[in-house]
Amino acid sequence: MELADTQAVEALLRWYAEMGVEEAVTSEPMGLYAWKSTAEPQANADTSPRARAKPTPAKTQIFRSESTPPSADEAIASATKIAAACTSFEELRAAVHTFEGCPLKAGARNTVFADGVASAKLLVIGEAPGRDEDQIGKPFVGRAGQLLDRMLAAIDRSRDQDTLITNVVYWRPPGNRTPTQIETAICQPFVDRLIELTDPKVIMLAGGAPLNALLGISGIMRARGIWREIETQGGKRYPVLPMFHPAFLLRQPTNKRLAWNDLLTLNARLTED
Ligand code: URA
C-alpha cells in the first residue's frame, strides 16, 4: 500500500472513531468460529488467482451467530436477579464487571462502575462514561469531571472524603451519545441496588439522562434545583436534587450562577440533622 493510501485509511478510521463507529460489524450477527471454519481454505480448494477473483455468492447463513444476544426484557430480568442477590457494594461492583447483558459493553474498553467513598452521605449520579472515563475505568475524570470536583470542593466535599460518584450506565456509548432508554433500563437494577447498598442521605442527579432514567421526566432546565423523591426497586425512598451536568456548564458558563444556588440547596440538606 502507498503511504498516501495508508494515511487516507488512518484518517478514515480516525473519523469513524470520532463518529462512534468503533466496531467492524455486519448487518447480521456473526459467529466468529463459524466464519473462521468456512473462511479458511479447504485442502482441495482452488486457490488460484483466477478462482479467487471470481465473485462468491453471499452466504449469509455462515455469519449467523450460534448464540443470539439476550432480548432487552431478558437482560433486564437477569440484571434484576443479579443485583438483588448482591449484599455489598464490592459484590455489586464485581457483578457489574461480569454482566454481559448491556449491548454498550461490546464497544467499551472498560467497565466504569463508581468512584469515591461507598459510605458517603452524598451520591452523584451522572449520565455515562465518556472517552477519558472509558480509558481509565473511573467516572468523571475528564474535563466535566474536573469541573464536578471543583463544584464539590466549593461546598467542601470531595470523592476522596465524602462523596460517591456513578452513572446511569456503566459503559461508554459510542461517540458519547446519550444512552438509550433500553440501555439505562438494563443498568437500572444495578443503579437501584447501588443506592440501596450505599444508602446515601442525598442524591445529586447530574443532567438530563439521570433525571429521565430515575424519575422518568425530561427537561433539566425546569427540573433543576427542585427536590424530588425516588423509590428504588427494593422499595426504599431517597431525596434527589436534579442539577445541570458539568459538561453543560462548560459549554454554557453563564448557568454556573444557577448551579451554585443548587449546590447550596444540596449542601443545606446534607448538613441538616
Ligand atoms: N459525564 C458523565 O455523565 N459521566 C462521566 O462519568 C463522565 C462524563
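Because the structure is a prediction, the values reported are computed rather than measured. (Residues numbered from 1 in each chain as written. Predicted model: local features only at pLDDT ≥ 70, side-chain atom pairs only at ≥ 80, totals over all residues. Heavy atoms only, no water.)

Novice: What's the story with the confidence of the model for the protein in this structure? I'm lost.
Specialist: Caution is warranted with low-pLDDT regions, since their predicted coordinates should not be read in detail. Confidence along the protein averages 86 in pLDDT terms, with 80% of residues attaining 70 or more. Note that residues 32-65 has pLDDT below 50 and, in this model, 20 contacts with residues that lie over four places away or in other chains. (pLDDT = per-residue confidence, 0-100. Contact = heavy atoms within 4.5 Å.)

Novice: Please explain helix α12 (residues 256-271) as it appears in this structure.
Specialist: For the α-helix, the turn length of 3.6 residues means that residues three or four positions removed from each other point alike. Along its 16 residues, α12 runs 22 Å from first to last C-alpha, staying within 8% of the 22 Å computed at 1.5 Å per residue. Inspection of α12 places Ala 259, Asp 262, Leu 263, Leu 266, Asn 267 and Leu 270 among the buried residues, and these make up the whole buried set. Take α12 and look down its axis: the buried residues cluster within an arc of 140°, on one side only. For α12, the secondary structure elements touched by its buried residues are β2 (122-126), α7 (143-154), β4 (202-206), β6 (237-243) and α11 (246-251). (Helix = DSSP H or I, 4+ residues; strand = E, 2+ residues; numbered from the N terminus. Expected span 1.5 Å × (residues − 1). Buried < 20%, exposed > 50% of the residue type's maximum accessible area, 1.4 Å probe, protein only. Arc of directions from axis to C-beta.)

Novice: Sorry, what's going on with the layout of surface pockets here?
Specialist: The rolling of a water-molecule-sized probe over the atoms marks out the regions of remaining empty space. In this structure, the second largest pocket spans a volume of roughly 650 Å³. Forming the boundary of the second largest pocket are 24 residues, of which Ala 128, Ala 144, Asn 176, His 245 and Ala 247 lie nearest the centre. Counting residues per element, the lining of the second largest pocket draws most heavily on α11, at 4 residues. When its residues are assigned to classes, the lining of the second largest pocket shows 10 nonpolar, 7 polar and 7 charged. (1 Å grid on protein atoms, 1.4 Å probe; cavity = no way out; pocket = protein on both sides within 12 Å on 5 of 7 lines; lining within 4 Å. Points joined across faces, edges and corners; volume = space filled by probe spheres on them. Nonpolar A, V, L, I, M, F, W, Y, C, P; charged D, E, K, R; others polar.)

Novice: What am I meant to see in the packing of helix α8 (residues 181-198) against helix α9 (residues 208-215) here?
Specialist: For any two helices packed against each other, one specifies the crossing angle of their axes together with the interaxial distance. Following both chains from N to C, one finds α8 and α9 inclined at 75°, their axes separated by 10 Å at the closest point. When the axis of α8 is compared with that of α9, the two are roughly perpendicular. Residues Gln 181, Thr 184, Gln 188, Val 191 and Ile 195 of α8 form the contact with α9, whose participating residues are Asn 212, Ala 213 and Leu 214. By residue class, the composition of the contact of α8 with α9 is 4 nonpolar, 4 polar and no charged. (Axes fitted to C-alpha atoms, helices over the stretch in contact; angles between N-to-C directions. Parallel < 35°, antiparallel > 145°, perpendicular 65-115°, else oblique.)

Novice: Please clarify how the packing of helix α4 (residues 72-85) against α8 should be interpreted in this entry.
Specialist: Put simply, α4 and α8 touch, their axes get as near as 8 Å, and they point 10° apart. With respect to their mutual orientation, α4 and α8 come out roughly parallel. Contacts from Ala 72, Ala 75, Ile 76, Ala 79, Thr 80, Ile 82, Ala 83 and Ala 84 in α4 reach Ile 182, Ala 185, Ile 186, Pro 189, Phe 190 and Arg 193 in α8. Counted by class, the contact of α4 with α8 contains 12 nonpolar, 1 polar and 1 charged residues.

Novice: So what exactly am I meant to see when it comes to the pairing of strand β5 (residues 228-231) here?
Specialist: Taken residue by residue, a regular strand's side chains alternate between the two faces of the sheet. Across 4 bridges, the pairing between β5 and β6 is antiparallel. In the strand pairing of β6, Arg 228 is matched with Val 240. Connecting the antiparallel pair β5 and β6 is a turn made up of 5 residues, with Gly 235 showing a positive phi of about 85°. (Pairing = 2+ DSSP bridges.)

Novice: Would you take a moment to explain the site of the ligand for this structure?
Specialist: Near the ligand, the surroundings consist of Gly 126, Glu 127, Ala 128, Pro 129, Glu 133, Pro 139, Phe 140, Asn 167 and His 245. In this structure, a nitrogen atom belonging to the ligand sits 3.0 Å away from a main-chain N or O atom of Ala 128. Contacts to the ligand include His 245, whose side-chain N or O atom sits 2.8 Å from an oxygen atom. Relative to its unbound accessible surface of 240 Å², the ligand loses 91% to contact with the protein. Assessed atom by atom at 2 Å from the grid points, the ligand resides in the second largest pocket. (Near = heavy atom within 4 Å. Polar contact = N/O pair within 3.5 Å; in protein donor to acceptor, adjacent residues only side chain to side chain. Areas by Shrake-Rupley, 256 points an atom, 1.4 Å probe, with all protein chains shown as cover. Sits in = over half its atoms within 2 Å of the grid points.)

Novice: Looking at this model, I keep getting lost on the nonpolar core. Mind explaining?
Specialist: Soluble globular proteins tend to pack their nonpolar side chains together in the buried interior. Counting residues in hydrophobic clusters, the biggest one holds 38 residues, and the most contacted among them are Ile 125, Trp 171, Ile 195, Ile 203 and Leu 214. Ignoring sequence-local partners within four residues, the contact set of Ile 203 consists of Leu 123, Ile 125, Ile 195, Ile 230, Tyr 238, Pro 239, Val 240 and Leu 241. Among the nonpolar cores identified, the runner-up in size contains 24 residues, and Ile 165, Leu 241, Phe 248 and Ala 259 belong to it. (Core = buried A, V, L, I, M, F, W, Y, C linked by side-chain atoms within 4.5 Å.)

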